[in-house]
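Next come the chains, spelled out residue by residue.
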Amino acid sequence: MVDAELRTWIYALICLLIFLKAEGYFVDITYVESALAKGAVCLDGSPPAYHLSPGFGSGVNNWLVHIEGGGWCNNVTTCLARKNSRLGSSRHMAKQIAFSGILNNRQTFNPDFYNWNKVKVRYCDGSSFTGDVERVNPATNLHYRGARVWLAVMEDLLAKGMSKAKNALLSGCSAGGLTSILHCDNFRAILPLGTRAKCLSDAGYFIDMKDVTGAEHIKAFFNDVVTTHGSAQNLPSSCTSRLTPSMIRNILVPGVADPHGTWHYCKLDIQQCSSPQLQIMQGFRTEFLNALAGFGRSSSTGMFINSCYAHCQSEMQETWLSSDSPVLEKMPIAKAVGDWFYDRIAFQKIDCPYPCDSTCHNRIFGDNSEA
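The rules behind the values
Residues numbered from 1 in each chain as written. Predicted model: local features only at pLDDT ≥ 70, side-chain atom pairs only at ≥ 80, totals over all residues. Heavy atoms only, no water. Disulfide = S-S within 2.5 Å. Buried < 20%, exposed > 50% of the residue type's maximum accessible area, 1.4 Å probe, protein only. Helix = DSSP H or I, 4+ residues; strand = E, 2+ residues; numbered from the N terminus. Contact = heavy atoms within 4.5 Å. Phe/Tyr/Trp six-rings, centres within 6.5 Å; stacked < 30°, edge-to-face > 60°.

What is the right way to look at the state of the cysteines in this model?
Two cysteines form a disulfide when their sulfur atoms are joined by a covalent bond. Going through the model one piece at a time under the given rule, you end up with seven disulfides. Put simply, Cys266 and Cys273 are joined by a disulfide, and their sulfur atoms are 2.0 Å apart. Between Cys266 and Cys273 the disulfide shows an S-S torsion of about 90 degrees. By sign, it is right-handed. For the pair Cys266 and Cys273, one class covers both residues: buried.

Can you help me understand the side chain of Asn62 in this one?
Secondary-structure assignment places Asn62 in strand β3 (residues 62–67). Residue Asn62 is classed as buried on the basis of its relative accessible area, which comes to 7%. When residues no more than four places from it in sequence are discounted, the contact partners of Asn62 are Trp116, Asn117, Lys166, Asn167 and Tyr342.

Which parts of the structure should I look at to understand the packing of aromatic side chains?
Per the counting criterion, the structure on display carries 14 aromatic pairs. Ring geometry for Trp72 and Phe206: centres 5.4 Å apart, planes at 85 degrees, overall edge-to-face. Taken as a pair, Trp72 in the loop between β3 and α2 (76–83) and Phe206 in the loop between β7 (196–202) and α6 (217–229) lie far apart in primary sequence, 134 residues in all. Phe206 carries the same exposure label as Trp72, and that label is buried. Here the aromatic rings of Phe113 and Phe341 are separated by 6.0 Å at their centres, their planes lie at 80 degrees, and the arrangement is edge-to-face. With a gap of 228 residues between them, Phe113 in the loop between β4 (96–99) and β5 (117–121) and Phe341 in helix α12 (residues 333–341) connect regions that are remote in the sequence. With respect to burial, Phe113 and Phe341 carry one shared label: buried. Put simply, the rings of Phe113, Trp116, Trp340, Phe341 and Tyr342 pair up and form one aromatic cluster.

Structure follows, in structure tokens:
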């Protein structure tokens, strides 16, 4: 019996090692201790952090900086709720995290960026790195310093070789995707003049629309974020003059708009949605595409907009690049992003409406899934 159990455990361990070798690898955390003197800290006053996988071969002077997602806090109560978690304190962050998808270091799984310097910046300020309030209330000890954290992390990366970058990509997921949009111009500005620098927003383009009750919930929510964190001074006018953020699970149907939980299971699993709910969601898709059209179709802009019920597809290997990953016109996400970055093809494709795309990996969300 013992031998049988031992064999089972050994087999499971071998399978896990094979999986990690194929799908990802672990990278240690780096704390930016020098940021403390600048007041560039997480919500709880701890130093910011990131994970860095050094580049190699032809990629030693190329940099991919990926920003973690995790929603936002819009007042003292919601920020206090994050303060003692990984989203508000580097003291609660995992010492190692797995890199996969766009952060993978194997050419087979990440052909255009596998040998770059790859960074995942941890998110602990609750404002997409835009806040800067000097005063700290001793009763809460909350620090709203996201903009300072951004600068401190970028300065640390520049000192570690990003100042010599030949190619650079700023990317992010959800709230991190919004960070990529908001800080894109700044990212370009801190790099050498000859650097090819671009920005990728994965599930981070949020539109301003009313929720299912007709209320302007998201407008009020983000107004509170900006007020709480003192973000107005750090928002680029090129963005604020053209868009205000939003999204299906937390924007179209926020909790306050669904007090009886009518949408609860639909938000977690699209297969649980009724026909009327699907019609409302298709209307959201139309509004999203209309808002997107306002940005035009510049040859420098890339788009991979599928109709999959998923949130963030660049971080997971199964959706970034695998044998059955999502495709648009037979093109997987990894290939489309690579072609856009290197100007091989101006990839701008929009999927047909759900549920037409059989290549989708439609996700079933947990109750506490984060943006």
